[in-house]
Amino acid sequence: MIKVAINGYGTIGKRVADAVAAQPDMEVVGVSKTKPSAEAYVARQRGYPLYIAEMSKRQAFEDAGLEIAGDVTDMIKHADVVVDATPGGIGEKNKKLYELYGVKAIWQGGEDHEVAGFSFCSSCNYNEAKNRQFVRVVSCNTTGLCRIIHAMDERYGVGRVRATMVRRGSDPGEIKKGPVDAIVLNPVKVPSHHGPDVQTVLPQIDITTMAMIVPTTFMHMHALQMDLKSDATKEEILAIIEAHPRMGLVRPGTGITSTAELREYAQDLGRPRADLYESAIFADSIGLVGRELFLFQAIHQEADVVVENVDAIRAMMNAVDEAAVSIEMTNRALGFTA
Ligand code: NAD
């Protein structure tokens, strides 16, 4: 069993913990919090040993009735791999600790590529992650872009890519972020950072991106256009997406034309926390003008990177040789298949 610690049990960390616990070849040896919270109570209820970032906060946890197993240093001593899901910028500061104890670590998209020196997306570069000590799983938006661009590049070759990201204002549980009533250009300047971030995984791709933030909490929406280098048909593209383990088609027969209906669908499917791990590509939006491909895809920001973390663990431990096998194991353990 691969022993996994989750440093930072928040939006991403709590999902990664549950996804790891569901795998047949992994176990959660601990999760960490900075202060007592509802999430800390859930960690206890799930049976995850709870560690704290600063021992000075021990009393606050004990006053809240939360038993502490030790501090983060104690936690990582039990781990083969640490998934660092602390807020962007904090993870980088933890690197010294992981180096000191010689433990493998995975950072999230809020950290720069340079922190790990290698950026990961399961269906693009699983083999290159093998045996690495440090890996960064790219952000939710970058993961969604990499999945579809790589699938099209493998089949047709991809030239120029242009994408506009319409991003959620905050995660559902966040009460201090917005906007409440605005469309915020973020950034105003073109390009946004998403294109260069895709190139950390797919350096050969010519991509330029723009982004804005809107008052919604569930999912980002991408308007995506790319030039294919060979002839394609809509039927072929639908078949590629349908066969992909991390992309799903939103079929016209469902009547779904929005992120709100996608959330309802995920809830009705019985997905934990309404999580959609796969990119949701609107079948009817797929259009070809000559060799120029257009589509809309919705990306569940809290979920798509979770399954990628699980595959990254297997690759770094060299536990499963083929990407497709790890992806299938991960998906199956979470109850979804292509
Ligand atoms: P979050 O704020 O929801 O959770 C972070 C957790 O880390 C919190 O529980 C916090 O208590 C804990 N923490 C803070 N400082 C710590 C420390 N020094 N030691 C241990 N724990 C500490 O953040 P999040 O949204 O889960 O984001 C985590 C990472 O994932 C970031 O890099 C972010 O960019 C990336 N990411 C977030 C999303 C998203 O939509 N939320 C999507 C993809 C990637």
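Quick caveat, the model's predicted, so the values are computed rather than measured. (Residues numbered from 1 in each chain as written. Predicted model: local features only at pLDDT ≥ 70, side-chain atom pairs only at ≥ 80, totals over all residues. Heavy atoms only, no water.)

Engineer: Can you explain the site of the ligand? Please cite residues and give values.
Structural biologist: What surrounds the ligand is a group of 22 residues, the closest being Thr11, Ile12, Lys33, Thr34 and Asp171. Thr11 places a side-chain nitrogen or oxygen 2.8 Å from an oxygen atom of the ligand. Bound to the protein, the ligand loses 80% of the 830 Å² it would expose on its own. Elements that contribute at least two residues to the shell around the ligand include exactly helix H1 (11-22) and strand E2 (26-33). Partitioned by chemical class, the residues of the shell around the ligand number 8 nonpolar, 11 polar and 3 charged. Counting residues domain by domain, the shell around the ligand receives three or more from each of domain 1 (2-138 + 304-333) and domain 2 (140-299). (Near = heavy atom within 4 Å. Polar contact = N/O pair within 3.5 Å; in protein donor to acceptor, adjacent residues only side chain to side chain. Areas by Shrake-Rupley, 256 points an atom, 1.4 Å probe, with all protein chains shown as cover. Helix = DSSP H or I, 4+ residues; strand = E, 2+ residues; numbered from the N terminus. Nonpolar A, V, L, I, M, F, W, Y, C, P; charged D, E, K, R; others polar. Domains from an automatic or database assignment.)

Engineer: Please give an account of the nonpolar core that cites residues and values.
Structural biologist: One broad rule of soluble globular proteins: the nonpolar side chains tend to lie buried together. In terms of nonpolar packing, the biggest core is built from 46 residues, with Ile6, Val20, Val31, Leu50, Ile106, Phe120 and Ile313 touching the most fellow members. Elements represented by at least two residues in this core include exactly strand E1 (2-7), H1, E2, helix H2 (38-46), strand E3 (50-52), strand E5 (81-84), strand E8 (134-137) and helix H13 (304-316). A per-element tally of this core places H13 first, with 8 residues. The two domains that each donate at least three residues to this core are domain 1 (2-138 + 304-333) and domain 2 (140-299). The residues touching Ile6, leaving out its near neighbours within four places in the chain, are Gly13, Val16, Ala17, Val28, Gly30, Val31, Ser32, Met75 and Val83. (Core = buried A, V, L, I, M, F, W, Y, C linked by side-chain atoms within 4.5 Å. Buried < 20%, exposed > 50% of the residue type's maximum accessible area, 1.4 Å probe, protein only. Contact = heavy atoms within 4.5 Å.)

Engineer: Describe the pattern of salt bridges, naming the residues involved and giving the relevant values.
Structural biologist: Evaluation of the coordinates by the stated rule reveals 25 salt bridges. Across the pair Glu27 and Lys3 runs a salt bridge whose closest N-O atoms are separated by 3.0 Å. Here Glu27, found in strand E2, pairs with Lys3, found in strand E1; they are 24 residues apart in sequence, far enough to count as distant. Through salt bridges with shared partners, a single network forms among Asp25, Arg147, Arg246, Glu308, Asp311 and Arg314. (Salt bridge = Lys/Arg side-chain N within 4 Å of Asp/Glu carboxyl O.)

Engineer: Any details on the layout of surface pockets? Residues and values, ideally.
Structural biologist: The gaps left among the atoms become clear once a water-sized probe is rolled over them. Counted as a void, the second largest pocket has a volume near 390 Å³. Lining of the second largest pocket is provided by 23 residues; of these, Gly248, Leu249, Arg251, Tyr265 and Glu278 occupy positions nearest its centre. At the level of elements, helix H11 (234-243), strand E13 (247-250), helix H12 (259-268) and strand E14 (279-282) are the ones that each hand at least two residues to the lining of the second largest pocket. (1 Å grid on protein atoms, 1.4 Å probe; cavity = no way out; pocket = protein on both sides within 12 Å on 5 of 7 lines; lining within 4 Å. Points joined across faces, edges and corners; volume = space filled by probe spheres on them.)

Engineer: Could you give an account of the sheet that holds strand E4 (residues 70-71), with specific residues and numbers?
Structural biologist: Read from one edge to the other, the open sheet built from 8 strands follows the order E4-E3-E2-E1-E5-E6-E8-E7, with strand pairing classed as parallel. The sheet terminates laterally at E4 and strand E7 (119-120), the two strands that pair on one side only. Bridge analysis of E7 against E8 gives 2 bridges, and the strand direction is parallel. The residue bridging Phe120 from the neighbouring strand is Val137, located in E8. This element, H13, spans E1, E2, E5, strand E6 (104-107), E7 and E8 of the sheet and lies at about 160° to E8. (Pairing = 2+ DSSP bridges. Axes fitted to C-alpha atoms, helices over the stretch in contact; angles between N-to-C directions.)

Engineer: Break down unusual backbone geometry for me, citing the residues and quoting the values.
Structural biologist: Look at the link from Asn186 to Pro187: it is a cis peptide, with omega at 0°. In this fold, Pro187 is placed in the loop between strand E10 (184-185) and helix H10 (194-201). The step from Val190 to Pro191 runs through a cis peptide bond, and the omega angle for that step is 0°. Inspection of the secondary structure assignment puts Pro191 in the loop between E10 and H10. Positive phi, close to 85°, is recorded for Met219, a residue that is not glycine. Topologically, Met219 is positioned in the loop between strand E11 (206-214) and strand E12 (220-228). Of note, the phi angle at Arg273 is positive, near 55°, even though the residue is not glycine.

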